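Overview (structure and organization)
Below, each chain spelled out in residue letters.
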Amino acid sequence: RRRKNHRPDFEFPPEELIMAIERQTKRNIAESIRRTREANLNTTVVLEACCYIDGLGRKLFNGGPEYRFKKYIEMYMPVTYDQLKKRSNLLGRKHDFCLHALWGDIRCGLVHEIDPKSKSVIIGRGKTIVHLNIKDKRYPKKHLVLSSPRFVDDFLNSLVLQRYK
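The following paragraphs examine the structure supplied in this document.

Parameters at a glance
- Residues numbered from 1 in each chain as written.
- Predicted model: local features only at pLDDT ≥ 70, side-chain atom pairs only at ≥ 80, totals over all residues.
- Heavy atoms only, no water.
- Core = buried A, V, L, I, M, F, W, Y, C linked by side-chain atoms within 4.5 Å.
- Buried < 20%, exposed > 50% of the residue type's maximum accessible area, 1.4 Å probe, protein only.
- Helix = DSSP H or I, 4+ residues; strand = E, 2+ residues; numbered from the N terminus.
- Contact = heavy atoms within 4.5 Å.
- Expected span 1.5 Å × (residues − 1).
- Arc of directions from axis to C-beta.
- Salt bridge = Lys/Arg side-chain N within 4 Å of Asp/Glu carboxyl O.
- Phe/Tyr/Trp six-rings, centres within 6.5 Å; stacked < 30°, edge-to-face > 60°.
- Axes fitted to C-alpha atoms, helices over the stretch in contact; angles between N-to-C directions.
- Parallel < 35°, antiparallel > 145°, perpendicular 65-115°, else oblique.
- Nonpolar A, V, L, I, M, F, W, Y, C, P; charged D, E, K, R; others polar.

**Let's talk about the nonpolar core**
- Ranked by internal contacts, the top residues of the largest apolar core, which has 37 residues, are Val46, Tyr72, Ile73, Leu102, Phe151 and Phe155.
- When contributions to this core are tallied by element, the ones reaching two or more residues are helix H1 (15-38), helix H2 (42-60), helix H3 (65-76), helix H4 (78-90), helix H5 (97-113), strand S2 (144-147) and helix H6 (148-161).
- Here this core gets nine residues from one element, more than from any other, and that element is H5.
- Ignoring sequence-local partners within four residues, the contact set of phenylalanine 155 consists of Ile29, Ile33, Ala49, Tyr52, Ile53, Leu56, Tyr72 and Met77.

Set out below in structure tokens:
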């Protein structure tokens, strides 16, 4: 029979063990992303990075999924965040317009519809994470043009910057 209010004896693992698990998790994430990238799957590697951002955001921040995703980008991916703000300004929109496009068009499009929504596009090249030339005729009326390799590089760099709570 089960006793009411029975709690198993449990001690939290020592800090060294938590840090070792944390390092191994980050290595596993980085290795998984590298394998996908080597297969030259630009959309898939962005989807994978977005899923990891969701998971890490859940560990690091309180709030809803959109808030945690955006907060992770703001806190740990400063290059991406700055370029998203710059593109928003170039489009004459609020500073978080392109951050919302990254969440809504790219992340939610990939997770729920298997493809970015029509207002944004993922490209396999680019000198910057976010394509800043809003008059480029190759991408007419796109809210966000995201360079897969640069975005993933910034995500991998973010693993070095953050620690779990």
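**Here's the deal with H4**
- End to end, H4 covers 18 Å across 13 residues, agreeing with the expected 18 Å (1.5 Å per residue, within 8%).
- Among the residues of H4, those classed as buried are Thr80, Tyr81, Gln83, Leu84, Arg87 and Ser88. Across the axial projection of H4, the buried residues extend over an arc of 165°, all falling on one side.
- The inward-facing, buried residues of H4 contact H3, H5, S2 and H6.
- Following H4 by one or two positions, glycine 92 adopts a phi angle in the positive range, close to 75°.

**Examining the pattern of salt bridges**
- Inspection of every chain in the model, using the stated rule, returns three salt bridges.
- For arginine 35, the salt bridge goes to glutamate 31, with nearest N and O atoms at 3.7 Å. Taken as a pair, arginine 35 and glutamate 31 lie in helix H1 at a separation of four residues, close to a single helical turn.
- Given a relative accessible area of 39%, glutamate 31 falls into the partly exposed group.
- With a closest N to O distance of 2.7 Å, glutamate 66 and lysine 70 form a salt bridge. Residue glutamate 66 and its partner lysine 70 are located together in helix H3, separated by four residues, close to a single helical turn.

**Section: the packing of aromatic side chains**
- What the rule picks out here adds up to five aromatic pairs.
- Considering the side-chain rings of tyrosine 72 and phenylalanine 155, the 6.4 Å spacing of their centres and the 45° angle between planes classify their relative orientation as tilted. Residue tyrosine 72 is located in helix H3, and its partner phenylalanine 155 is located in helix H6; the two are separated by 83 residues in the primary sequence. Just as tyrosine 72 is buried, phenylalanine 155 falls in that class too.
- Put simply, the rings of Tyr52, Phe61, Tyr72, Tyr76 and Phe155 touch in pairs and so form one group of aromatic residues.

**Considerations on the packing of H3 against H6**
- One way to put it is that H3 packs onto H6 with a least axis distance of 10 Å and a crossing angle of 80°. As summarised for this structure, H3 and H6 are arranged roughly perpendicular, according to the angle between their axes. For the pair formed by H3 and H6, the contact residues are Tyr72, Ile73 and Tyr76 on the first element and Phe151, Phe155, Ser158, Leu159 and Leu161 on the second.
- The residue inventory of the contact of H3 with H6, partitioned by class, reads seven nonpolar, one polar and no charged.

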